[in-house]
Amino acid sequence: MWTQERWAALAVLSIILLLSKVVAPIEVPLDPKIQQELKQPPTIVKQSLKDYIVDPRDNIIIECEAKGTPVPTFLWRRNGKFFNVGKDPRVTMRSRSGTLEIRSSGKPEDYEGEYQCFASNDFGTAISNKILLRVSKSPLWPKEVLEPVVVREGESLVLPCNPPPGLPPPETFWMDSSIMPIIQDKRVSMGLNGDLFFSNVLAKDANTDYSCNARFEFTHTIQQKNPYTLKVLTTRNVPETQPTFLSPKGLSSSKIVLRGEQLLLECIAAGVPSPNINWNKKGAELPSKKVKIENFGKTLRLLNVSEEDSGDYVCMASNKMGSIRHSVEVQVKAAPYWLDKPTNLVLAPDENGRLVCRARGNPKPTVQWLVNGEPIESSLPNPNRQVLGDTILFHSVQIGSSAVYQCNASNEHGYLLANAFVNILDMAPRMLGPKNQLIKVIENNRTFLDCPFFGSPLPLLRWFKNGLGSGLDGGHYKLYYNGTLEIKQARPEDQGTYTCVASNILGKMENQVRLEVKEPTRIVRAPEHVTQAKGTTVRFDCRVKHDPSLPVTVTWLKDDKPLSFTWIGRFRKDDEILTISNVNPEDAGTYTCTAKTEIDEHSASARLTVIGRPDPPQDLELSDPSARSVRLTWVPGNENNSPVTQFLVQFEEDRWEPGKWQNLSIFDGNLNSVNLQLSPFVNYQFRVIAINAVGQSQPSLPSARYQTSGASPDVVPSGLEGWGSKKNNMEITWQALKNTERNGPNLRYMVSWRRKDTEEEWNNITTTRTKHIIHNTDTYVPYEIKIQAINDFGHSPESNIVIGYSGEDKPSAAPTELRVSKINSTKVNVHWVPVDPSTVNGEFKEYKLYYWREASLIKGLKVNKTKLHKGFFTTAEQPSGILTELFPYSKYKMYMVVANREYEGPQSNPVEFYTKEGEPGAPKYFRIQRHTDVVHLKWDKPLEPNGVLIGYTLQYHTVNGTQAGERKAQSFPPNVTEYIMNLPNRFTRFKFYLAARTQVGAGEVYAVESPHFANEAYKEQEDIATQGWFIGLMCAVALLVLILLIVCFIKRSRGGKYPVRDKKDLPLDSVDHKDHDGSFDYQ
């Protein structure tokens, strides 16, 4: 026999097995057709509040709305009994609704009570909450006579309000008889119960009366209590007292608050001076995000209370006389709240399911199950249903067992009621999506083919491609529970027609989706960032590659806003290019090219930065003036996207060159205040130009003028020199001072001179010019020269002494013993005896050698006899030089003179010499004439043989692309200038090298290469065509043809008939048209 423990274990095992078979409930789609055909138990969708207070002046509306198929019918219970709506003429129920409407005539209090709505159809009954209907009340204040309140100054006082009980309770506030609110502070304030508390009374409190007012929300009325009159007995010295609590009384109290509501704690204390109130919680911090301290610290408001807010809250009242504490023990209780609210359950026949109803509260709520509004214990037994506390298990459900179940979770603080139907549904598969849908996707994208369906029992869904093969799932495909087929990476071969088939025991249905895989749209040449100067033209590229079957649209955005294009606008869009002409700073921004088809798009962006010349600086100011400097400050203009690198400061003065702006200084681009170094005796004005990479800005507006005081010159005139223009004078010249170097009026120059190495006195002259001539000097005599500038304020320092010379004369002597040595083919050494330096009569410049080619040693060769010269600068005692670049094998003549800066002296003795033989120059020409099987070479002797020719050397080798064959050589005597060479075949090419020879050796090489055969044949024909005999032959042939043409013309002009025998070789027609004279007509 089984023990009780074994039976318990078996029950637990049965429950576990039953739960393991529970399947997910069917989710009914919101498709209108499905919803119309679906039979469904009632569901309450709208109802009035549980605690329902109404205005007695209005009609009473008790709401109860429900949905279901068939449409539900409604009935009501009042105070637990059936409420017959039809018997009360004041009560009506709305059509196709359970909402009650009670007309306001009569006594509305007669209808107070607890109402509950029942909505029923063939598949069950849903019920509403129990609605407690109460009528709002706003009673009058009871009439009473209030005696004046007498109190001593400094004492505490409480003026009670005691408003009349209303429904809902009224809101209270205090005013005086003039309908002015009573001013409240930490001394005087209203408590939570509506009473007015005085921590201590002052004499001024007697200046007004105090009336409590009650505002009733529903009736929008205010009831006023008779006012209190206050008499204060004053004293000279108000004694200071320790705090005592006016509310709450004592040192501790307790309070119960429900979870989710707000907690209000109050501490009001008496004392002189008025106490301060502080709050804390024992063992924890006050939750700052939920706590509000109000009413001058006297009220603690804690929002949305939860279980962790339980505990002891302490308020402390303190003044300088002491402190007192009050502890409030707060307990948080809870009306039931949902942990797991039961939800509607749709099951197919023979499926399993469960309803769960879990709630929490303090105290712990009890759970009661109802079915169709009646306790489940009293309902008909159902072998397919098992109640296990807060859970109902269903197994192998059957058609006809649909019902609405109610779960009621309640404790002493309230209750929760939830309806959840169990609907047993059988339906053949239905396709919910559009039929024969076409889907276009981009290649390599993740793709989803949707196939929404419904049925009960839940159908099995499979996918097929092109009507072939088994179901698609796994590998490249993934099938989801809702019927969607995922193609992980769409490829061109995935194109085709896909069929989804849903089937259950009641039937099957299918739908088709056609898939097309397209190439992605890509921008293959994207726009690039551009930095361009203002006024230029900018181009952005946007080359797009897309699927040919998809039309593409290219749009342009600037800073995410569409660009507009017009015929005459600066913005132009071609197929792949955006052009912006004459760009300006407003065109700067981010330009986005978007290529879009019906299924995808691609974008690329680039930034345009427009740079320009900087704007001119502004607001020029002068400060810190001194004798030779002033500070210039300005405000830089807009840089126009290109940083300013330099500032150019210019000046204009109105004395020497008025109106002309000149550069003064250049400063770094990060400066805007500079110290300008100035010259004396100048009336300046300044302007500033900003410079960046694009160029210069316009000049700024001029500054105010600034006049510097005069001073003696501080610059020495430069460029001082003396030189004779004639043999008996010396010209002294110098450079004039700049206008800004004058430093004062009446600028002039004092020039001083004397002969060098003498003790003569200085000669001087003062002049305003920049040149002075000294006459009657000796020839080429050195002078010491100096200069200084003078103005009305003084003179400048003297210049350094400069050595100058008077004029030169012709040299009086010639070099002697001119001779040559070491003669070779192109150069010779030259020697001579120098002249006495005193005979140069000036500054020695050079020995100048004149030479020319008199003749060639080769008979009959004409030469150029142009006279050449070469200078030798030397002061050696035995001077010599080398004369180069001579022609070999030639006769030369030469002579030499000495030269100073102005003149040349007499000629030396002439010299004649002969250069030796050298290597010859290149042949005058080297030509190739190629025929079919031979090559004909021709050349001529060099223009400059440079000696006696002894022959020619010819070298040659074959050429095949870049490869050269073995080089061969052949020599010819000097009288041979042509050579014919046989070719191994017509396509062989050669390269030839020809050089002339003298006794010295071979000269410069002349290299040529034989042309291709086709080119050679053409050239050969051309050569033949240029021969005289060929031209004569062609002329004779042409003359003969002309004579024959003339003869033929004469014969034809005689009548057009001629003997048959003259044309016996011509073919005749089958009919011979003969005349009697033996001739026939010419046709």
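This text goes with the structure placed above it.
About the criteria used
- Per-chain numbering applies: the sequence of each chain, read as written, is numbered from 1 onward.
- In view of the model being predicted, local features appear only for residues whose pLDDT reaches at least 70, and side-chain atom pairs are presented and counted only at 80 or more, with totals across whole chains, interfaces and linings using the full set of residues.
- Hydrogens and water molecules were not included; the side-chain quantities draw on all heavy atoms of the structure.
- Secondary structure elements follow DSSP: runs of H or I of four or more residues count as helices, runs of E of two or more count as strands, with numbering from the N terminus.
- The size measure is the radius of gyration over C-alpha atoms, and the globule rule it meets is 2.2 Å times the number of residues to the 0.38 power.
- Between two residues, a contact is recorded if the distance between any of their heavy atoms is within 4.5 Å.
- Each accessible area is a Shrake-Rupley result for a 1.4 Å probe, and residues are judged covered by the shown protein chains and nothing else.
- Here the positive residues are Lys and Arg and the negative ones are Asp and Glu; neither His nor the chain ends is included.
- Positions of charges follow a simple convention, taking NZ of Lys, CZ of Arg, CG of Asp or CD of Glu.
- In this description, strands pair whenever DSSP reports at least two bridges between them.
- With axes taken as lines fitted to C-alpha atoms, and helix axes fitted only over the stretch in contact, angles between N-to-C directions fall between 0 and 180 degrees.
- Here, the term nonpolar core denotes a set of buried Ala, Val, Leu, Ile, Met, Phe, Trp, Tyr and Cys residues that are joined through side-chain atoms within 4.5 Å.
- Think of it in three bands: residues with accessible area under 20% of the maximum for their type are buried, residues over 50% are exposed, and the middle band is partly exposed, with areas taken using a 1.4 Å probe on protein chains only.
- Aromatic contacts are taken between Phe, Tyr and Trp rings whose centres are within 6.5 Å, Trp giving its six-membered ring; a plane angle under 30 degrees counts as stacked, one over 60 as edge-to-face, and the others as tilted.
- Geometrically, a charge over a ring is one whose NZ (Lys) or CZ (Arg) sits within 6 Å of the ring centre while staying within 35 degrees of the ring normal.
- A pair of sulfur atoms, both from cysteines and within 2.5 Å, is called a disulfide here.

Participant: Explanation requested: the overall build of the chain in the structure shown.
Facilitator: What the chain contains, in helices and strands, is 4 helices and 86 strands. For a compact globule of 1083 residues, the expected C-alpha radius of gyration is about 31 Å, and the chain comes in at 64 Å, more than 25% above that figure. On the principal axes, the C-alpha backbone points of the chain span a range of 160 × 135 × 85 Å. Pairs at least 24 residues apart make up 65% of the contacts formed inside the chain by residues separated by at least 6 positions. Counting only carbon and sulfur atoms, one obtains 51% of the accessible surface of the chain, whose full area is about 61,200 Å². Taken as two groups, the 127 positive and 121 negative side-chain charges of the chain have centres that lie 3 Å from each other.

Participant: Hey, could you run me through the sheet that holds strand β68 (residues 771–775) in this one?
Facilitator: Strands sit in the order β64-β65-β68 across an open sheet of 3 strands; the sheet is antiparallel. Strands with a single pairing partner mark the edges of an open sheet, and in this sheet they are β64 (721–723) and β68. Across the sheet, the mean angle from the axis of one strand to that of its neighbour is 20°, orientation sign disregarded. Where strand β65 (residues 729–733) and β68 come together, 5 bridges link them in antiparallel fashion. Bridge assignment links I732 to a residue of β68, and that residue is H772.

Participant: What is the right way to read the nonpolar core from this model?
Facilitator: If you look at the biggest cluster of nonpolar residues, it comprises 30 residues, and the most contacted ones within it are I62, W76, Y115 and L133. Within the residue set of this core, elements represented by two or more residues are β2 (51–54), β3 (60–62), β4 (64–69), β5 (73–78), β8 (100–102), β9 (113–121) and β11 (131–135).

Participant: Where do I start with the packing of aromatic side chains in this structure?
Facilitator: Working definition: an aromatic ring pair is given by the centre-to-centre distance plus the angle between the planes. Tallying each qualifying case throughout the model produces 32 aromatic pairs. Linked through ring pairs, F926, W939, Y952, F972, Y979 and Y1006 together constitute an aromatic cluster. Here the basic side chain of R259 rests over the ring of Y337, its NZ or CZ set 3.6 Å away from the ring centre. The ring of W656 has R655 lying over it, and the distance from NZ or CZ to the ring centre is 5.9 Å.

Participant: What exactly am I supposed to notice about unusual backbone geometry here?
Facilitator: What you tend to see is this: most non-glycine residues have negative phi, and most peptide bonds are trans. In this structure, P248 follows S247 across a cis peptide bond, with omega equal to -10°. Relative to the elements of secondary structure, P248 occurs in the loop between β20 (241–247) and β21 (252–258). Residue P363 is reached from N362 by a cis peptide bond, and omega for that bond is 5°. Its place among the elements puts P363 in the loop between β31 (358–362) and β32 (366–371).

Participant: Help me understand the environment of F454, please; the structure alone is not making it clear to me.
Facilitator: Structurally, the position occupied by F454 is in strand β41 (residues 453–456). Of the residues examined, F454 reaches a relative accessible area of 2% and is grouped as buried. Separated by 310 residues in the primary sequence, F454 and E144 place their C-alpha atoms 75 Å from one another.

Participant: Before we go on, may I ask you to explain the state of the cysteines in this structure?
Facilitator: Throughout this description, disulfide means a covalent bond between two cysteine sulfur atoms. The final tally for this structure, using the stated rule, is 6 disulfides. Here C161 connects covalently by a disulfide to C212, the sulfurs 1.9 Å from one another. Disulfide C161 to C212: torsion about the S-S bond roughly -65°, handedness left-handed. Of the two residues, C161 sits in the loop between β13 (157–159) and β14 (171–175) while C212 sits in strand β17 (residues 209–216), which places them 51 residues apart along the sequence. Owing to a relative accessible area of 0%, C161 belongs among the buried residues under this scheme. One disulfide in the model links C357 with C407; its S-S distance is 1.6 Å. What sets the handedness of the C357 and C407 disulfide is the S-S torsion sign, and at about -60° it is left-handed. Separated by 50 residues along the polypeptide, C357 in the loop between β30 (353–356) and β31 and C407 in strand β36 (residues 403–411) bring together distant segments of the chain. The pair formed by C357 and C407 is uniform in burial state, with each residue classed as buried. Described in terms of the sequence order of its bonded cysteines, the disulfide pattern of the chain is 1-2, 3-4, 5-6, 7-8, 9-10, 11-12.

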